[in-house]
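# Geometric and topological summary
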Amino acid sequence: MSQSKPFTITKRAVWEAYQKVKANRGAAGVDGQSIEEFEKNLPGNLYKLWNRLASGSYMPPAVRRVEIPKASGGTRPLGIPTVADRMAQMVVKDALEPILEPCFHADSYGYRPHKSAHDALAVARQRCWRTDWVLDVDIKGFFDNIDHELLMKAVRKHTDCKWVVLYIERWLTAPVQMPDGTLQPRDKGTPQGGVISPLLANLFLHYTFDAWMERKFPTIGFERYADDVLIHCKSLAQVTMLREALKRRLAVCKLEMSPSKTKIVYCKDGKRREDYPEISFDFLGYTFRPRKAKARDGSVFLSFLPAISGKAAKALRHTVRKWNLQRRTPISLEEIARRINPVLRGWMEYYGRFHRSALYPVMAQVDLHLAKWIARKHKRARRSLRRAFEWLRRIRRDCPSLFAHWRLAQAR
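Heads up: these notes are all about the structure in this document.

Calculation rules
Residues numbered from 1 in each chain as written. Predicted model: local features only at pLDDT ≥ 70, side-chain atom pairs only at ≥ 80, totals over all residues. Heavy atoms only, no water. Helix = DSSP H or I, 4+ residues; strand = E, 2+ residues; numbered from the N terminus. Buried < 20%, exposed > 50% of the residue type's maximum accessible area, 1.4 Å probe, protein only. Pairing = 2+ DSSP bridges. Contact = heavy atoms within 4.5 Å. Lys, Arg positive; Asp, Glu negative; His and termini not counted. Salt bridge = Lys/Arg side-chain N within 4 Å of Asp/Glu carboxyl O. Polar contact = N/O pair within 3.5 Å; in protein donor to acceptor, adjacent residues only side chain to side chain. Axes fitted to C-alpha atoms, helices over the stretch in contact; angles between N-to-C directions. Parallel < 35°, antiparallel > 145°, perpendicular 65-115°, else oblique. Nonpolar A, V, L, I, M, F, W, Y, C, P; charged D, E, K, R; others polar. Disulfide = S-S within 2.5 Å. Phe/Tyr/Trp six-rings, centres within 6.5 Å; stacked < 30°, edge-to-face > 60°.

On to unusual backbone geometry. Of note, the phi angle at His114 is positive, near 65°, even though the residue is not glycine. Tracing the sequence through the fold places His114 in the loop between α4 (83–100) and α5 (117–130). With a phi angle near 55°, Ala226 is a residue other than glycine that sits in the positive phi range. By secondary structure assignment, the location of Ala226 is in the loop between β6 (222–225) and β7 (228–233). A relative accessible area of 9% means that Ala226 is categorised as buried.

Structure, rendered in structure tokens:
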């Protein structure tokens, strides 16, 4: 590498960043360039990116604003960087993450190596069994309201690498291109959708929340996945006190707790007799609430357990309807299976981890649409959904592994 460059960023670092961005795919940014178009002149584009990064002349372009629907209604704004900018962010992330990772709290699970949503859910389940109360915290517009000055103070606490600091500052202030094409300047927040944003968000909340909890309330357990937070308390008095303390703490860090979405929940089960209106909460696509469970001796008891949330199940059923399987009659059932099985496997792997029987009604919706396909495809089943279901049951008996979700029935 040329020694004339002010920053020691290697070409290998840029190459590895490109490979990771390619694996993650993603939409085009404001320049409209896809990863495939970037690869048409791969050596030249990678060299240009490295040259600008290493010389300090790299200036991030605007991020493209898109709105995606939320399961709870409304939309969530995402900021989509260009392909090249995602690679540049990955270079910085790869340099900064190994420094920050050992400092992060064990109960921070979001967007971290070797940690997952299932890990957070499993710990939350155990703690709900041990303690009676949960504070389900919602931080109002977290990603849009991160204070840049406080964030950069945290970055500088962990690194004095000039190019890491420089480029993070530039990304934080890069404008957003709105859907109508206008540019909106930014003086706070880090857009969801950026490669570096989850790491910066974790760093900000590490000092805002994790380290504060460890310092002020070391005996109280919590799980945090990005800005989704659960705190486990022993009594109503304790959880009420903690809610007020956290409200003040967030205000100091220029954040706000959502009063309508933050709630105190009683983890009611067969042994907990208190009367409290809130006995359920949603976390990472699961709803925790009182559910019947079976003990080892076969007896049934009431426990406090997670299962796929109603909102998540509704979103999955909506996806199934959008497939319009009954209109895919020109293709074979085997081809339908090939197309939808990867999605079904993903759903079962994520939502089937806890209380998987709650997933059965969603998968029954898939069978309903497959039966409708049979009813339109084959004359002998036409106009008779009952006959189509009988046909489908015979196919499932003869080819039980054709569709991924049929294994759920086998596992009952």
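So, next bit.
Glancing now at the pairing of β7. In terms of burial, β7 is largely enclosed, as five of its six residues are buried. Here strand β3 (residues 133–138) pairs with β7 via six bridges, running antiparallel. Residue pairing in the sheet places Asp136 in a bridge with Leu230 of β7. Across four bridges, β6 lies against β7 in antiparallel orientation.

Our focus in this paragraph is the sheet that holds strand β4 (residues 176–177). Strand order across the open sheet formed by four strands is β2-β1-β4-β5, with mixed pairing between neighbours. Pairing within the sheet leaves two strands with one partner each, and these edge strands are β2 (75–80) and β5 (183–184). Pairing of strand β1 (residues 63–69) with β4, which is carried by two bridges, proceeds in the parallel orientation. By the bridge assignment, Arg64 is partnered in β4 with Gln177.

This part covers the environment of Val134. The topology assignment puts Val134 in strand β3. Once the C-alpha coordinates of Val134 and Arg339 are considered, the two residues, 205 residues apart in sequence, prove to be 41 Å apart. Among residues more than four places away in sequence, those in contact with Val134 are Cys128, Leu230, Ile231, His232, Val239, Lys263, Ile264, Val265, Cys267 and Phe281.

Let us look at the side chain of Arg186. Along the chain, Arg186 falls in the loop between β5 and α9 (197–216). Buried charge without a salt bridge: Arg186, with Asp144 as the nearest opposite-charge side chain at an N-O distance of 7.4 Å. Of note is the side chain of Arg186, whose polar atom sits 2.8 Å from the backbone oxygen of Trp171. Once you skip the residues sitting within four places of it in the chain, Arg186 turns out to touch His148, Trp171, Leu172, Thr173, Ala174, Val176 and Pro191.

As a further point, take the packing of helix α13 (residues 360–377) against helix α14 (residues 385–398). Running from N to C, α13 and α14 cross one another at 110°; their axes reach a closest spacing of 8 Å. As the angle between them shows, α13 and α14 are arranged roughly perpendicular. Facing Asp367, Leu368, Leu370, Ala371, Lys372, Ile374 and Ala375 of α13, the residues of α14 in contact are Leu385, Ala388, Phe389, Trp391, Leu392, Ile395 and Arg396. Its residues assigned to classes, the contact of α13 with α14 shows eleven nonpolar, no polar and three charged.

Moving on: the pattern of salt bridges. The full count for this structure, using the stated rule, is 20 salt bridges. The partner of Asp107 in a salt bridge is Arg127, and the shortest N-O contact between them spans 3.1 Å. Of this pair, Asp107 sits in the loop between α4 and α5 while Arg127 is found in helix α5, placing the two residues 20 residues apart along the sequence. Across the pair, exposure class does not vary: Asp107 and Arg127 are buried alike. The partner of Arg272 in a salt bridge is Asp132, and the shortest N-O contact between them spans 2.8 Å. Residue Arg272 is located in the loop between β8 (263–266) and β9 (281–283), and its partner Asp132 is located in the loop between α5 and β3; the two are separated by 140 residues in the primary sequence. Residue Arg272 is classed as buried on the basis of its relative accessible area of 7%. When its relative accessible area of 24% is taken as the criterion, Asp132 is described as partly exposed.

A separate point is the state of the cysteines. By the definition in use, this model includes zero disulfides. Here Cys233 is not disulfide-linked; the sulfur of Cys267 is the nearest cysteine sulfur, at 9.9 Å. Note on Cys233: relative accessible area 0%, which makes it buried.

Evaluation of the coordinates by the stated rule reveals 20 aromatic pairs. Measuring from ring centre to ring centre gives 6.1 Å for Phe281 and Phe304, while their planes differ by 40°; the resulting arrangement is tilted. With a gap of 23 residues between them, Phe281 in strand β9 and Phe304 in strand β11 (residues 300–308) connect regions that are remote in the sequence. Summarising the burial analysis for this pair, Phe281 and Phe304 share the class buried. Put simply, the rings of Phe7, Tyr58, Tyr167 and Trp171 touch in pairs and so form one group of aromatic residues.

Interpretation in functional terms is not warranted from these geometric data alone.
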